[in-house]
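# Structural description and commentary
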Amino acid sequence: GFMKMNQRLKLVSSFWEVVILSLNDLADQYRLFYRMIAKDISKLLSFNFSEQSVQKIKEDLIESICLWEGLLPVKNCTFQLHELIDLVDFIPLFGPPMGVSEFPGERALGRVIKDKLKNNTGGVSFEKSMMQNHINFELQNLQTFYKEAISKTKSQGKKQPPNNPLNCKLDSRTGILSFNSIPFSLFKPELHDAKTKPYLKLSPYEIDHLIDTMILEVKKQYGSDEKMCENNSCIYRIESLRLEQYKDLTPFEWLNYNLNTNNRETCELTMEELDVCRAILQFEPKFFGAAHIYGMQFTSRGSWLRETQKPKLARYGVQSKEYEEHNIKGSLKRSWYVAASYGSWCRFEQEGKQHSYGQINTFFTIKIGDKSIDGLIVAAVTARKYSNIPKSSVDMISCKCSLDIKTIFVATTDIYPTRIATLPLSFNKVAISVKKKIKDSEFATSNLSEFVYLYMISLHPEKLVDSKKLIRRSYKVLQL
């Protein structure tokens, strides 16, 4: 069709599973085949490969091609799919295919075409002048790039120069310029007003969860070594003592107990640990609306939409209790169609837990006087339970009682480096159009009241290879 090559690749790697789900008359064996082909191509688009994974990809491709030749008639086998097998042998020699793509060459040819249209096409020196013009253009780019160690231009996104301040750091002492391809940073400070966007301090309920998140990060940093954690982290020692002797108290109540002057005689904490207790209770974070996580830009929907109190019990489910949001403004049913809301989804996985989805409410940096945790960038999230669609890798979230109360804070290093798109659907699996009014059909509707559940789509699956190894590393290794 009229799709560009990068759009076709995105269709296969991100949206293919959803397309297959919509083909109701397609036999199961063909569904499996098309899923296998899309999965293999997605793997080939990855940015990094292990030695073992290369061999596994080759075996998967051979299996997919054999299935293709068995399912389809010979006259329909017009594609040279066997070249994909040769492409796998290319990886150990030249690296990931995405690193040696034809896109830079195509852009260079586009520039040559523009030069050709501007030049006089007559004369024997035409080719020579074309070559000289392109060489001058490339030299000009090189001179502009190397004019300064770190670029001062304020362009954003794809227009940013390679030596931009986000990715590059210059050591003034040694003169060494270092490049970080997966940077972390905060930007767009939140603007608050008392009526619609109030500044909400951390509640006791939130402090309890924030301490849990900090403990997980300390464990990650020291490999769950109990002695190392206690020797290097004040908050870890404080929480360990609570779990050992005062389990009936919540973390928030435990901090106040230690700072109460009436309990000084029985208090077992040092002055440094008491300072940390005080710092947590007095902590007023500066909230930000956006962040770079592993070099990818994420946005939030607003700190005023956080769950500051324990959510209300909606009903008892078959296996567990089901809750609904205490903050009605941030409920999924009321905000799923708002741009700031559907643009804030992320996928994360904390140590020892299954991966989950959530809407990012805001970002902030921890500063409590604990050297093991200070500087950690945290995302306040409204987490959601999900289910997997049978015979598919698509995850689905219901609009009712999907709230996951176990997590409300996540270290940004635990967030997968992929943006998440959502596809709203009605009970009859009809897609719902949000921005554009359309005539209702068997495939789509504009009736927002028919919303029942969301399909969750990872937009950058090529960055998810070995991502579990990445998110298990300490923030001090990643937040350079």
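The notes below deal with the structure included here. Here the structure is a predicted model, which means the values were calculated and not measured.

## Quick notes on a nonpolar patch on the surface
A cluster of nonpolar side chains, namely M131, I135, L139, L142 and Y146, defines an oily patch on the protein surface of about 550 Å² accessible area. Mapped onto the elements of the fold, L142 is located in helix α6 (residues 126–145). Taking the relative accessible area as the measure of exposure, L142 reaches 46% and is therefore partly exposed.

## Notes on the packing of helix α5 (residues 103–118) against α6
Direction vectors running N to C along α5 and α6 enclose 125 degrees, while the axes themselves pass 10 Å from each other. Considering the angle they form, α5 stands oblique to α6. Considering only the axes of α5 and α6, their crossing is right-handed. When α5 is examined against α6, the residues A108, R111, V112, D115 and K116 are found in contact with a partner set consisting of F126, M130, N133, H134 and F137.

## Points about the side chain of E17
Of note, E17 is situated in helix α1 (residues 5–22). When its relative accessible area of 17% is taken as the criterion, E17 is described as buried. In this structure the side chain of E17 is engaged in a polar contact, spanning 2.9 Å, whose partner is the side chain of R35. Looking at E17, its side chain comes within polar contact range of the side chain of S393, at 3.0 Å.

## Section: unusual backbone geometry
Phi at K391 is positive, roughly 55 degrees, even though this residue is not glycine. Among the secondary structure elements, K391 is positioned in the loop between β11 (387–388) and β12 (395–398). Look at K391 and you get exposed, because its relative accessible area is 66%. The phi dihedral of K429 is positive, around 60 degrees, even though this residue is not glycine. Along the polypeptide, K429 turns up in the loop between β14 (420–425) and β15 (431–432). Of the residues examined, K429 reaches a relative accessible area of 55% and is grouped as exposed.

## Remarks on the side chain of N327
Checked against the element boundaries, N327 lands in the loop between β7 (321–324) and α12 (332–335). By relative accessible area, which is 15% here, N327 ends up buried. Side-chain polar atoms of N327 contact the backbone oxygen of W304, separated by 3.0 Å. A distance of 3.1 Å separates the side chain of N327 from the backbone oxygen of R306, its partner in a polar contact.

## Side note on the packing of aromatic side chains
Within the structure shown, the criterion is met by 14 aromatic pairs. A ring pair is formed by F33 and Y34, whose centres lie 5.1 Å apart and whose planes are at 50 degrees; its orientation type is tilted. A relative accessible area of 29% means that Y34 is categorised as partly exposed. Ring pairing ties together the aromatic residues Y199, F283, F287, F364 and F409, which thus form one cluster. Lying across the ring of Y416, R347 places its NZ or CZ 4.7 Å from the centre. Between R419 and the ring centre of F298, over which it is positioned, the NZ or CZ distance is 5.7 Å.

## Quick notes on the layout of surface pockets
Considering only enclosed or pocket space, the second largest pocket measures out at about 1,100 Å³ in volume. Forming the walls of the second largest pocket are 28 residues, and the residues nearest its centre are M5, L9, I41, L81 and L84. For the lining of the second largest pocket, the secondary structure elements donating two or more residues are α1, α2 (28–44), α4 (82–94) and α5. Examining the composition of the lining of the second largest pocket, we find that six residues originate from one element, α2, more than from any other. Residue composition of the lining of the second largest pocket, by class: 22 nonpolar, two polar and four charged.

## Observations regarding α4
Think of an α-helix as 3.6 residues a turn; residues three or four steps apart then line up on the same face. The terminal C-alpha atoms of α4 lie 19 Å apart, and with 13 residues this matches the ideal 18 Å at 1.5 Å per residue to within 8%. Within α4, burial applies to I85, V88 and I91. Against α2 and α3 (51–71) lie the buried residues of α4. At the C-terminal side of α4, G95 shows a positive phi close to 90 degrees.

Conventions and cut-offs
- Residues numbered from 1 in each chain as written.
- Predicted model: local features only at pLDDT ≥ 70, side-chain atom pairs only at ≥ 80, totals over all residues.
- Heavy atoms only, no water.
- Patch = residues over 30% accessible without salt bridge, like charges linked within 9 Å, V, L, I, M, F, W, Y side chains within 5 Å.
- Areas by Shrake-Rupley, 256 points an atom, 1.4 Å probe, with all protein chains shown as cover.
- Salt bridge = Lys/Arg side-chain N within 4 Å of Asp/Glu carboxyl O.
- Helix = DSSP H or I, 4+ residues; strand = E, 2+ residues; numbered from the N terminus.
- Buried < 20%, exposed > 50% of the residue type's maximum accessible area, 1.4 Å probe, protein only.
- Axes fitted to C-alpha atoms, helices over the stretch in contact; angles between N-to-C directions.
- Parallel < 35°, antiparallel > 145°, perpendicular 65-115°, else oblique.
- Left-handed = near helix turned anticlockwise from the far one by under 90°.
- Contact = heavy atoms within 4.5 Å.
- Polar contact = N/O pair within 3.5 Å; in protein donor to acceptor, adjacent residues only side chain to side chain.
- Phe/Tyr/Trp six-rings, centres within 6.5 Å; stacked < 30°, edge-to-face > 60°.
- Lys NZ or Arg CZ within 6 Å of the ring centre and 35° of its normal.
- 1 Å grid on protein atoms, 1.4 Å probe; cavity = no way out; pocket = protein on both sides within 12 Å on 5 of 7 lines; lining within 4 Å.
- Points joined across faces, edges and corners; volume = space filled by probe spheres on them.
- Nonpolar A, V, L, I, M, F, W, Y, C, P; charged D, E, K, R; others polar.
- Expected span 1.5 Å × (residues − 1).

These figures come from the coordinates and say nothing about function on their own.
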